[in-house]
2 protein chains.
Amino acid sequence: MKRVSLKDIAKQAGVVPSTVSFVLNGKAKQMRISDELAEKIRALIEAAGYQPHHTAVSLRTGKTKILGLIVEDISNVFFASLAKSIEDAAYSLGYRIVYCSTENDPEKGKELIRMLTHQQVDGYLITPTPGMENDINNLIKNNKPVVLMDRFLPGLDVPFTLVDNYAGVKLGMEHLLGKGYKNIAFVTLDTQQIQMLQREKGYKETLKRHGIEVRNELIEKIPFKSRPEDAIKQVSEFIKSNPDIDAIFFATNYLGMYGLESIKKAGLKIPEEIGVICFDDHDIFRLFTPAITIIRQPIEEIARSAIEMLISLLENNYTVTAESHVYKKPELVIRSST
Amino acid sequence: MKRVSLKDIAKQAGVVPSTVSFVLNGKAKQMRISDELAEKIRALIEAAGYQPHHTAVSLRTGKTKILGLIVEDISNVFFASLAKSIEDAAYSLGYRIVYCSTENDPEKGKELIRMLTHQQVDGYLITPTPGMENDINNLIKNNKPVVLMDRFLPGLDVPFTLVDNYAGVKLGMEHLLGKGYKNIAFVTLDTQQIQMLQREKGYKETLKRHGIEVRNELIEKIPFKSRPEDAIKQVSEFIKSNPDIDAIFFATNYLGMYGLESIKKAGLKIPEEIGVICFDDHDIFRLFTPAITIIRQPIEEIARSAIEMLISLLENNYTVTAESHVYKKPELVIRSST
DNA sequence: CTGAAAGCGCTTACAG
DNA sequence: CTGAAAGCGCTTACAG
């Protein structure tokens, strides 16, 4: 059983292949093909289950309809679900995704960009790591469409979509303050990544706005690539040496995971003895406690927005404007304790 | 900057494109092209950084050099690292991978096969779910190369590579028995998947071989899609109602994760009060205890073997023989407790 | 060894 | 609206 080609459809319809092609590509009107004929051709296409030969189209048009997705670490649940959402959104718009992780290594990032370029992707979706500025600039210079996600690189005029990190922490902090917690600690990563800085800013400014003094000893920074044991130890000691802490805001899901273990070690009850909020969820939380409140990123929305911007860039000569910087609203999720 | 084509190289070398193509495809000898000329052409290719246009090659040869990988659940660490290894192995042999998960749903599996077929993959790597027999048979009938991984479907004569599940559990059981544990429990999934049945068989037969009676009350089966809370509860109750248990073999890493939480709840010390072995590792284990012994699958070996079989099928008219059923030796990893 | 040519399955500019 | 044709970048059978 040979696959049907556009030529076969043309023969069946008694027209020349060009006509079928025009109908297929929505240029029927433009080419003044009668509605009647167009409808007949569409029916034949449908009946035959004809699908254009992707490779042939690519060769002819120079477009692969493949987008490259570079995330920081695909084994991290957050990036995994982001990748999944991106894939679904892209697929529904007729694009495919090739993806790979930088493992936070700019060298690897450079290599991946080269690989994707060789695979002739039409555009790039990137969660950038500091150090990738030049590579991303190169793409832009070569007129390759790029959209950043999850974070951006200050100084690069590239479209991006990410959660409003500042607003997310503010939302969580106000929830904790509303519950009556007074000495709220903030556990974050020791990194200059923009999204982490914005989260820290959210913590500090919400306190200030409520007339509460920011105590630097209540902000604990965990080295970026700590081993779990070390991170747990550090958080444990932090909790022990600040016995007046009555709530903790964990700035990432991995920190939350380590933090929950530390809290368990300390024998503290959540939420009676210590309130906990975490930015991003993790399956594992349910192993520890039902009583953790989550700041949830609208991952599907972020994915869809990023994909739509990229495709606009690709298809509509959309240009970068102030509207190319999209912040999505995070959500506060209170886990029921049943 | 336009990309260089085969034609450009031919012009530079003062030969006709065919000649370059022959050199490129290792047919220089066969076409009696002098070593000298071939070398000159190779040098030009190198110097120009020429890369064949993948799309054009595909269109001409009808081969995409893309393999479809269908795993059960890409968010599971085991499948994620399998996918990564597969990707690396394939890439080094000049193939790319498109992957997707069935989420253990045969309907989804069918849909994915259709999708991959439409994307014109050259071959399929599948971790089959019961219920996919027909779809896989269809592929075979249509002469599509298929290699199964991680498990196989009894009754389907398809090549596969997987770990020797029976030997893995035997290895672990003998380790526990050697340490002097007497009442070893086995916690597994309530499923008919072949790899799980083989693990159970490994448990039972090792006991028998050592003259120890198999006590069915020491085998606990957790429903396939339990929520973490429920699984933890079930294991906890199992431990409580069998106080003579002095060691537990967890048949999967997820079971181990739930099990460790249950053991912690029960206040039992590992390994003094209870020995623990788990089939497959999980990052999270380190949060609970360093003293867990792992039966490790040689994932890279499995990946490489599967890829090589598939490519042989594709390129060398390799046919299915007894040697197409490959079992890889698992490894016992004892975590140091420091 | 070389050359000329066909063709993979499409899209699109051109002439009518 | 229709037809004839070129061409995307390759590979390969054919004739010399």
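Residues numbered from 1 in each chain as written. Chains lettered and ligands numbered in written order. Predicted model: local features only at pLDDT ≥ 70, side-chain atom pairs only at ≥ 80, totals over all residues. Heavy atoms only, no water.

Trainee: Looking at this structure, how should I read unusual backbone geometry?
Mentor: Apart from glycine, the bulk of residues carry a negative phi angle, and the bulk of peptide bonds sit in the trans form. Cis geometry marks the peptide bond from Ile270 of chain A to Pro271 of chain A, where omega comes out at 0 degrees. Relative to the assigned elements, Pro271 of chain A resides in the loop between α11 (253-265) and β9 (275-279). Positive phi values are uncommon outside glycine, yet Asp280 of chain B reaches one of about 80 degrees. The topology assignment puts Asp280 of chain B in the loop between β9 (275-279) and α12 (285-288). (Helix = DSSP H or I, 4+ residues; strand = E, 2+ residues; numbered from the N terminus.)

Trainee: What am I meant to see in the packing of aromatic side chains here?
Mentor: The description of two aromatic rings rests on the distance between their centres and on the angle between their planes. Residue and element names in this part refer to chain A. This model, assessed by the stated rule, comprises 11 aromatic pairs over all chains. An angle of 10 degrees between the planes, with centres 4.6 Å apart, marks the rings of Phe152 and Phe160 as stacked. Accessibility assignment for this pair places Phe152 and Phe160 in one class, buried. With 5.7 Å between their ring centres and 80 degrees between their planes, Phe160 and Tyr327 make a pair best called edge-to-face. Note that Phe160 is positioned in strand β5 (residues 160-163) and Tyr327 in strand β11 (residues 325-328), a separation of 167 residues in sequence. (Phe/Tyr/Trp six-rings, centres within 6.5 Å; stacked < 30°, edge-to-face > 60°. Buried < 20%, exposed > 50% of the residue type's maximum accessible area, 1.4 Å probe, protein only.)

Trainee: Would you mind going over the packing of helix α10 (residues 228-241) of chain B against helix α11 (residues 253-266) of chain B with me for this structure?
Mentor: Each pair of packed helices can be described by the angle between their axes along with the distance between the axes. Residues and elements named next belong to chain B. Contact geometry of α10 with α11 gives a least axis separation of 8 Å together with a crossing angle of 50 degrees. Relative to α11, the element α10 is oriented oblique. Considering only the axes of α10 and α11, their crossing is right-handed. Here Pro228, Ala231, Ile232, Val235, Ser236 and Ile239 of α10 come into contact with α11, specifically with Tyr258, Gly259, Glu261, Ser262, Ile263 and Lys265. Class assignment of the residues belonging to the contact of α10 with α11 gives a composition of 7 nonpolar, 3 polar and 2 charged. (Axes fitted to C-alpha atoms, helices over the stretch in contact; angles between N-to-C directions. Parallel < 35°, antiparallel > 145°, perpendicular 65-115°, else oblique. Left-handed = near helix turned anticlockwise from the far one by under 90°. Contact = heavy atoms within 4.5 Å. Nonpolar A, V, L, I, M, F, W, Y, C, P; charged D, E, K, R; others polar.)

Trainee: Would you mind showing me how to read the protein's contact with DNA strand D here?
Mentor: Contacts to DNA strand D come from 23 residues, most closely from Arg32, Ser34 and Arg60 of chain A together with Ser21 and Arg60 of chain B. Protein-adjacent atoms of DNA strand D, using a 4 Å cutoff, are sugar or phosphate at a proportion of 60%. One of the backbone N or O atoms of His53 of chain B is found 3.5 Å from a phosphate oxygen in DNA strand D. One of the side-chain N or O atoms of Arg60 of chain B is found 2.2 Å from a base oxygen in DNA strand D. Elements with a minimum of two residues in the surface near DNA strand D: α2 (17-24) and α4 (54-61) of chain A together with α2 (17-24) and α4 (54-61) of chain B. It is α4 of chain B that contributes the most residues to the surface near DNA strand D, 4 residues altogether. Considering only residue class, the surface near DNA strand D consists of 10 nonpolar, 9 polar and 4 charged. (Near = heavy atom within 4 Å. Polar contact = N/O pair within 3.5 Å; in protein donor to acceptor, adjacent residues only side chain to side chain.)

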